[in-house]
Amino acid sequence: MKKYDVIIIGGGHAGTEACLASARCGGNTLLITQNFKTVGQMSCNPSIGGIGKGHLTKEIDALGGVMARAADASGIHFRTLNKKKGPAVWATRSQADRDLYKSFIQKEIRGQQGLEVIDGEVIDIIIKNDAISGVELNDGTIIETKNVILTAGTFLSGVIHIGDKAFSAGRIGEKASNKLAKRMGDLDLMMGRLKTGTPPRLNGDTINYKDLIEQPGDEPRPVFSFLGNESDHPQQIKCYIARTNEKTHDYIRKSLDNSPLFNGVITGKGPRYCPSIEDKVTRFSEKQSHQIFLEPEGLNTNLVYPNGISTSLPEEDQEKFIRTILGLENVEIKKYGYAIEYDFFDPRGLTSFLENKKISGFFMAGQINGTTGYEEAASQGILAGINASMKSQDKEMWSPSRENSYIGVMIDDLITQGAPEPYRMFTSRAEHRLYLREDNADERLTLIGSQLGSVNEERLKVFNKKQNLIKKELLRLKELKIEEKNKVISASNFLKRPNTTYDSLSDLIPDFGSQKSNVGELCAIRIKYEGYIARQNIEVKRSKKDEEMVLPKIIDYSVISALSKEAIENLNIAKPQNLRQAARVPGVTPAAISILKVQIKAIKNNKKAVAQDAK
């Protein structure tokens, strides 16, 4: 078989973004997946976005990725979350039609130039002299490459648990990648076990919606992609809200001995921010009820996803506790919930490019790096795809920063702190969230994507046109005047005030001629935040000089007696590239950073002395 610049293993959300990005950037790319029919499948909740996750989706889109456009083409219920707060934390979320989402992704992959796909199972990643040289398939086929992106999701030694039943699987109905997992275990890389789960799927025809709270989508509807508009959306539907009750909780408590989460069968750490219903009832015992979002899985199915009751209880216990809930007394369960344990790699073994520190050309992305969620996986996928393609062409790789993206925040968190539990993105993780907004993701990343090759000319033209309109409107708002009682102020200064909106200018300025697109709203957001962001940029510049001090690879933390044992252990694992990364390593205090600064200067001075002696 022919050689490839980049091979991607796995066709989940990380794998699809990785293979498309690699090909867009000019790499001759191959995607290997067990079954192409499952590529783009939403194995848990069919939704995209939410708090923090919407920001990631917009950033993927700004870099030329597919997730946002697929969400627009398949979204059947759209909302903007956190609307009562400031625009910095507004978060777009859509409920998707599973089939529409999957078909959109598959069509993109089929149409991508420079990308090929084969069905097959990879059982070995071939490594020679600490560098990738190819992969081996289950049928013995060897395919040569110098760059591999592993995006195996929950498939590495995956085990599904439903009550006392446990069986090998990557997800329900699909076999685990056990041979590849064994090979990975032989590589002496830092590995561990994590756990995630999913709720049962309900027959919507057996739900009594009259007893439930109706939740319509927003009007006007938000749009995910910077290339999209409302006309991209299919038919819209309503979602509903149900609640557990004390009877539900009592039954779950009585069933805990049957739960593999509580009887010691499952050892992997689960996601704190998306706990099972067993966890919720136990950890939040003071709560009398928990909210459940009943979300249809598509326009042509009666399946409903009950968001909020992930469980691994036995099938009979699932049926009994669900039927204690108002509106679900006679519900039929079509598919039972389950928990899944799987192998993951400690992300502290990766560089900021998502390349393994020990093996050249070996990139990793998605849940195998300890994250949870489609958006977190896809964000890693697009970054790994870009960088593997860059490396294959001997071009400089790129790593996003905490200052320019949530993707940068996530990568920095992972490679410095690891994943003691499944990592989920929240806006609270970002120090610069006033700047890292959904609305300006394209402003922050599209030009970078264009330079890397992941953004095409069409998207760049749309971006440049939008930026020109914003620039003109900002100038116009500075010139437009509003007469108040004793003074005249500019429209721009008016918009700096709390609770003022762009639309309200129409009532104050005759013949205002407002922008019909969202350009005016974007200008108003920019004006409101410009003072805060200016101060933030000063702080960033002030601290950047010290933070960017490079930590030499030869530094041996174990001989620095002034460091704590915890700091030494974690620094040796993470091997941070600079002081900024080191400051985020658990156990590294401000005092430890001062010690590291001294070490850097000592090593530099020693090198200078050696150079002088050589002369």
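This text goes with the structure placed above it.
Note that the structure is a prediction, hence the values are computed from the model and not measured.

Parameters and conventions
- The written sequence of each chain sets the order in which its residues are numbered from 1.
- Local features in a predicted model are, by the rule used here, given only for residues with pLDDT of at least 70; side-chain atom pairs are given and counted only at 80 or more, and totals for whole chains, interfaces and linings are based on all residues.
- Side-chain metrics rest on all non-hydrogen atoms present in the structure, leaving aside hydrogens and water.
- Comment: elements are numbered from the N terminus, with helices defined as DSSP H or I runs of at least four residues and strands as E runs of at least two.
- Here the globule rule is a power law, 2.2 Å times the number of residues to the power 0.38, and the radius of gyration is based on C-alpha atoms.
- Burial classification: accessible surface area is computed with a 1.4 Å probe over protein chains only, and a residue below 20% of its type maximum counts as buried, one above 50% as exposed, and the rest as partly exposed.
- Between two residues, a contact is recorded if the distance between any of their heavy atoms is within 4.5 Å.
- Method for areas: the Shrake-Rupley scheme with a 1.4 Å probe, in which residue coverage is limited to the protein chains shown.
- Charge assignment: positive for Lys and Arg, negative for Asp and Glu; neither His nor the chain ends contribute.
- Charge positions come from single atoms, namely NZ of Lys, CZ of Arg, CG of Asp or CD of Glu.
- Each residue after the first adds 1.5 Å to the expected span of a helix.
- Pairing between strands is defined by DSSP: at least two bridges between them are needed.
- All axes are obtained by fitting lines to C-alpha atoms, using only the stretch in contact for helices, and the reported angles, taken between N-to-C directions, cover 0 to 180 degrees.
- By convention the crossing between two helices is left-handed if the near helix lies anticlockwise of the far one by an angle smaller than a right angle, and right-handed if it lies clockwise.
- Only Asp, Glu, Lys and Arg are considered charged in this grouping, and only Ala, Val, Leu, Ile, Met, Phe, Trp, Tyr, Cys and Pro are considered nonpolar; every other residue, Gly among them, is considered polar.
- Residues enter a nonpolar core if they are buried and are Ala, Val, Leu, Ile, Met, Phe, Trp, Tyr or Cys, with the set joined through side-chain atoms within 4.5 Å.
- Throughout this description, the term salt bridge denotes a Lys or Arg side-chain nitrogen within 4 Å of a carboxyl oxygen of Asp or Glu.
- When describing relative orientation, an angle under 35 degrees is termed roughly parallel and one over 145 degrees roughly antiparallel, while 65 to 115 degrees is termed roughly perpendicular and anything else oblique.

A. Focus on the overall build of the protein. Assigned secondary structure in the protein consists of 18 helices and 23 strands. What you see for the protein is a C-alpha radius of gyration of 26 Å, in line with the 25 Å of a compact globule of 615 residues. The C-alpha extent of the protein, read off along each of the three principal axes, is 85 × 75 × 50 Å. Buried positions account for 55% of the 615 residues belonging to the protein. Of the contacts made within the protein by residues no fewer than 6 positions apart, 73% connect residues no fewer than 24 positions apart. Of the accessible surface of the protein, which amounts to about 27,400 Å², a share of 49% is contributed by carbon and sulfur atoms. The protein carries 86 positive and 77 negative side-chain charges, and their two centres are separated by 4 Å.

B. Highlighting helix 1 (residues 13-24). Over its 12 residues, helix 1 runs 17 Å from end to end, which matches the ideal 16 Å to within 8%, given 1.5 Å per residue. Among the 12 residues in helix 1, 11 count as buried, and that is most of the element. What helix 1 keeps buried is the set His-13, Ala-14, Gly-15, Thr-16, Glu-17, Ala-18, Cys-19, Leu-20, Ala-21, Ser-22 and Ala-23. Following helix 1 by one or two positions, Gly-26 adopts a phi angle in the positive range, close to 100 degrees.

C. Spotlight on the pairing of strand 20 (residues 338-345). With eight of eight residues buried, strand 20 lies mostly within the body of the structure. Bridge analysis of strand 11 (residues 159-162) against strand 20 gives three bridges, and the strand direction is antiparallel. Counterpart to Val-159 in the pairing with strand 20 is Glu-341. With eight bridges connecting them, strand 13 (residues 191-198) and strand 20 associate as antiparallel partners. Of the residues in strand 20, the one forming a bridge with Leu-194 is Tyr-342.

D. Unusual backbone geometry, seen in detail. With an omega of 0 degrees, the peptide bond between Glu-219 and Pro-220 qualifies as cis. Structurally, Pro-220 is set in the loop between strand 15 (213-215) and strand 16 (239-243). Backbone geometry places Asp-394, a non-glycine residue, at a positive phi of 55 degrees. Among the secondary structure elements, Asp-394 is positioned in the loop between helix 9 (374-392) and helix 10 (406-417).

E. Region of the structure containing the packing of helix 12 (residues 457-479) against helix 15 (residues 519-547). Direction vectors running N to C along helix 12 and helix 15 enclose 65 degrees, while the axes themselves pass 9 Å from each other. In the crossing of helix 12 with helix 15, the sense of the turn from one axis to the other is right-handed. From helix 12, Lys-466, Gln-467, Leu-469, Ile-470, Glu-473, Leu-474 and Leu-477 reach across to helix 15, where they touch Val-519, Leu-522, Cys-523, Arg-526 and Ile-527. When the residues that make up the contact of helix 12 with helix 15 are grouped by side-chain class, the tally is eight nonpolar, one polar and three charged.

F. Main features of the sheet that holds strand 11. The four strands lie next to each other as 12-11-20-13, forming an open sheet whose pairing is antiparallel. Only two strands of the sheet have a single neighbouring strand rather than two, namely strand 12 (165-168) and strand 13. For this sheet, the mean inter-axis angle between neighbouring strands, taken without regard to orientation, is 25 degrees.

G. How the structure looks around the nonpolar core. Ranked by internal contacts, the top residues of the largest apolar core, which has 86 residues, are Ile-125, Leu-150 and Phe-362. Counting residues per element, this core draws most heavily on helix 9, which supplies nine residues. If we skip the residues at most four places from it in the chain, Phe-362 touches Ile-125, Ile-132, Val-148, Leu-150, Met-184, Leu-189, Leu-354, Glu-355 and Asn-356. With 20 residues, the next largest nonpolar core counts Ile-207, Leu-256, Leu-313 and Val-331 among its residues.

H. The pattern of salt bridges, seen in detail. Counted according to the given criterion, the structure contains 35 salt bridges. Where Lys-391 meets Glu-355, a salt bridge forms, and the shortest distance between an N and an O atom there is 3.2 Å. Pair noted here: Lys-391 is in helix 9 and Glu-355 is in the loop between strand 20 and strand 21 (362-364), with a separation of 36 residues, a long-range link. Residue classification places Lys-391 among the partly exposed residues on the basis of a relative accessible area of 25%.

I. Region of the structure containing helix 2 (residues 53-62). Taking burial as the measure, the 10 residues of helix 2 include 10 buried ones, the bulk of the element. Downstream of helix 2 by a residue or two, Gly-64 has a phi angle that is positive, lying close to 95 degrees.

J. The sheet that holds strand 5 (residues 91-96), seen in detail. Judged by pairing direction, the sheet is antiparallel, and its three strands sit side by side in the order 3-5-4 without closing on themselves. In this open sheet, the two edge strands, each paired with only one partner strand, are strand 3 (47-49) and strand 4 (75-81). Neighbour to neighbour, the strand axes of the sheet diverge by 15 degrees on average, direction disregarded. As judged from the three bridges shared by strand 3 and strand 5, these two strands associate in the antiparallel manner.

K. Seen up close, the packing of helix 6 (residues 246-254) against helix 8 (residues 315-322). Relative orientation of the contacting elements helix 6 and helix 8 amounts to 160 degrees, with a least axis distance of 9 Å. Relative to helix 8, helix 6 is oriented roughly antiparallel. Handedness of the crossing formed by helix 6 with helix 8: right-handed. The segment helix 6 lies against helix 8, with Thr-248, Tyr-251 and Ile-252 engaging Asp-317, Lys-320 and Phe-321. Among the residues making up the contact of helix 6 with helix 8, the classes are represented as three nonpolar, one polar and two charged.

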